[in-house]
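# Coordinate inspection notes
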Amino acid sequence: LYNCCDNDYTRDVVRSTLTVMHFLGRMLLWSSVFATAAGVVWYSNELKINGTDPHLIAWFSAGAFVLLGFPISIYGIVMHLLNYYQPNVQCYVVRILWMVPLYSIESWLCLRFHKYAIYIETLRDCY
């Protein structure tokens, strides 16, 4: 088990494989982000053409971007907390990254529950 990567050739193969996998993972992430954004724009246009209420179009679009932004922000938060080597700077970065899920979810809830928006906005402003 300890001798599996003893020679230089094996190390190079493992290193290049990991590099390619990392590149493909990034490509998959960004292509899905762009595909989701394009899909939201296209579907919102289709809803508008078919005469859907503009409030529902905004609610759908906001929900799609919440679903897109939430995992990206949580991933950034987790990566900063796992690699917490500069706490003087990273504590502020983590605070800023928390704004994305909090504000996006609360704004989406304000669109969805319009009657209770003033209460939801008050909770959002406490952060």
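Just so it is clear, the model here is predicted, and its values are computed rather than measured. (Residues numbered from 1 in each chain as written. Predicted model: local features only at pLDDT ≥ 70, side-chain atom pairs only at ≥ 80, totals over all residues. Heavy atoms only, no water.)

A few words on helix H2 (residues 54–82). A rise of 1.5 Å per residue sets the reference length of H2, with its 29 residues, at 42 Å; its end C-alpha atoms lie 42 Å apart and thus fit the reference within 8%. Of the positions making up H2, those classed as buried are Ile57, Ser61, Gly63, Ala64, Val66, Leu68, Ser73, Gly76 and Ile77. (Helix = DSSP H or I, 4+ residues; strand = E, 2+ residues; numbered from the N terminus. Expected span 1.5 Å × (residues − 1). Buried < 20%, exposed > 50% of the residue type's maximum accessible area, 1.4 Å probe, protein only.)

Moving on, we come to helix H4 (residues 117–126). Among all positions in H4, only Ala117, Ile120 and Arg124 are buried. Taken down its axis, H4 places every buried residue within 65° of arc, on the same side. Away from its buried face, by an angle of more than 90 degrees, H4 presents the exposed residues Ile118, Tyr119, Leu123, Asp125 and Cys126. Each element contacted by the buried residues of H4 is listed here: helix H3 (87–112). (Arc of directions from axis to C-beta. Contact = heavy atoms within 4.5 Å.)

Here the focus is the packing of helix H1 (residues 8–49) against H2. Running from N to C, H1 and H2 point in directions that differ by 170°, and their axes come no closer than 9 Å. Relative to H2, H1 is oriented roughly antiparallel. Residues Val33, Thr36, Ala37, Val40, Tyr43, Ser44, Leu47 and Lys48 of H1 form the contact with H2, whose own contacting residues are Ile57, Phe60, Ser61, Ala64, Phe65, Leu68 and Ile72. Each residue belonging to the contact of H1 with H2 can be placed in one class, and the counts come to 11 nonpolar, 3 polar and 1 charged. (Axes fitted to C-alpha atoms, helices over the stretch in contact; angles between N-to-C directions. Parallel < 35°, antiparallel > 145°, perpendicular 65-115°, else oblique. Nonpolar A, V, L, I, M, F, W, Y, C, P; charged D, E, K, R; others polar.)

Estimated volume of the largest pocket: approximately 190 Å³. If you go around the largest pocket, the residues you meet are His22, Arg26, Leu29, Trp30, Pro71, Ile72 and Tyr75. Looking at the lining of the largest pocket, the elements with two or more residues in it are H1 and H2. With 4 residues, H1 is the single largest residue contributor to the lining of the largest pocket. For the lining of the largest pocket, the per-class residue count stands at 5 nonpolar, 1 polar and 1 charged. (1 Å grid on protein atoms, 1.4 Å probe; cavity = no way out; pocket = protein on both sides within 12 Å on 5 of 7 lines; lining within 4 Å. Points joined across faces, edges and corners; volume = space filled by probe spheres on them.)

Right, let's talk about the state of the cysteines for a bit. What the rule picks out here adds up to 0 disulfides. Free of any disulfide, Cys110 has its nearest cysteine sulfur in Cys126, 13 Å distant. (Disulfide = S-S within 2.5 Å.)

Read these as geometric descriptors, not functional statements.
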